[in-house]
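Chain by chain, the residues:
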Amino acid sequence: MLTTLQTAYTDTRAGDLAWCLGKDELPALAVLDRELPGAGAGVPAAPRVRVRLRLLGASHQVILDSPRGRCSETVACMPGSSAPLPFGVARRIAGWDYEFAARIETLSRGSFAGRAQELLALVADHPNGLAGTFPGDPHAFTAMLVQYRGGSVLWRTWHAYPQEGRLVATRSTLSAQS
């Protein structure tokens with residue numbers, strides 16, 4: 001799903017993003033709810049996992065609820081947070097093994113425009129994708145994509161900062177603890 005976000009572009013630097021687990025739901029500009037197979041997929045009565053993709057301006061929040069417990073991931077400009085976005089994290093939370101990775105790409109103006117169009121097309125056409133563009137610049141966007149694969153829930157996000165030529169990409173995985 002692709003939407004135009006009716007808000008000013010507030011997170012203006014890739015370096016302002018911070019990461020947090022366990023935060024309550026923040027006000028969202030767009031939300032996509034999905035149910036995915038849970039641990040034990042393929043078993044007729046296997047529990048399902050509810051995932052909410054939430055666009056928070058140029059930020060994101062993913063809320064996952066399952067019989068194992070809740071996971072809440074937020075990547076946003078958070079007042080009072082001076083910690084930079086980590087490049088990698090591994091934790092055990094709510095009956096899950098959680099992994100997070102982030103990278104920041106710096107692209108030329110032409111490369112940035114092409115990459116932005118490619119990512120927006122990928123997410124807009126995906127049934128488990130949510131992307132929001134900002135008024136005034138078609139390359140200013142936040143995009144999210146969630147999927148279930150081999151007993152794990154995976155999601156990727158992209159935060160675009162065209163004025164800097166920077167793209168922040170994250171990848172998160174929740175796997176059932178063994």
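Residues numbered from 1 in each chain as written. Predicted model: local features only at pLDDT ≥ 70, side-chain atom pairs only at ≥ 80, totals over all residues. Heavy atoms only, no water.

Examining the confidence of the model for the protein
- Taken over all residues, the pLDDT of the protein has a mean of 87, while the share at 70 or more is 90%.
- The least confident element of the protein is strand 1 (residues 2-4), whose mean pLDDT is 84; the most confident is strand 8 (residues 96-106), at 95.
- Segment residues 39-45: pLDDT under 50, and seven contacts once partners within four positions in sequence are set aside and those in other chains are kept. (pLDDT = per-residue confidence, 0-100. Helix = DSSP H or I, 4+ residues; strand = E, 2+ residues; numbered from the N terminus. Contact = heavy atoms within 4.5 Å.)

Considerations on the pairing of strand 12 (residues 166-176)
- In this structure, strand 8 lies alongside strand 12, joined through 11 bridges in antiparallel fashion. Across the sheet, the residue bridging to alanine 101 is arginine 171, located in strand 12.
- By the bridge criterion, 10 bridges tie strand 11 (residues 152-161) to strand 12 in an arrangement that is antiparallel. Its bridge partner lying in strand 12, alanine 160 is registered against leucine 167.
- Connecting strand 11 to the next strand, strand 12, in antiparallel fashion are four residues, including glycine 165 with a positive phi near 70°. (Pairing = 2+ DSSP bridges.)

Here we look at the sheet that holds strand 1
- Reading across the sheet, the seven strands line up as 1-9-10-11-12-8-7 and stay open at both edges, with mixed pairing between neighbours. Across the chains shown, the open sheet's two edge strands, defined by having one partner strand only, are strand 1 and strand 7 (88-93). The average angle at which neighbouring strand axes cross in this sheet is 15°, direction not considered.
- Relative to strand 8, strand 7 runs antiparallel, the two sharing six bridges. Looking at the pairing, glycine 88 lines up with alanine 101 of strand 8.
- Of the strands in this sheet, strand 1, strand 8, strand 9 (129-134), strand 10 (137-149), strand 11 and strand 12 are in contact with helix 1 (residues 109-124), which crosses strand 10 at around 45°. (Axes fitted to C-alpha atoms, helices over the stretch in contact; angles between N-to-C directions.)

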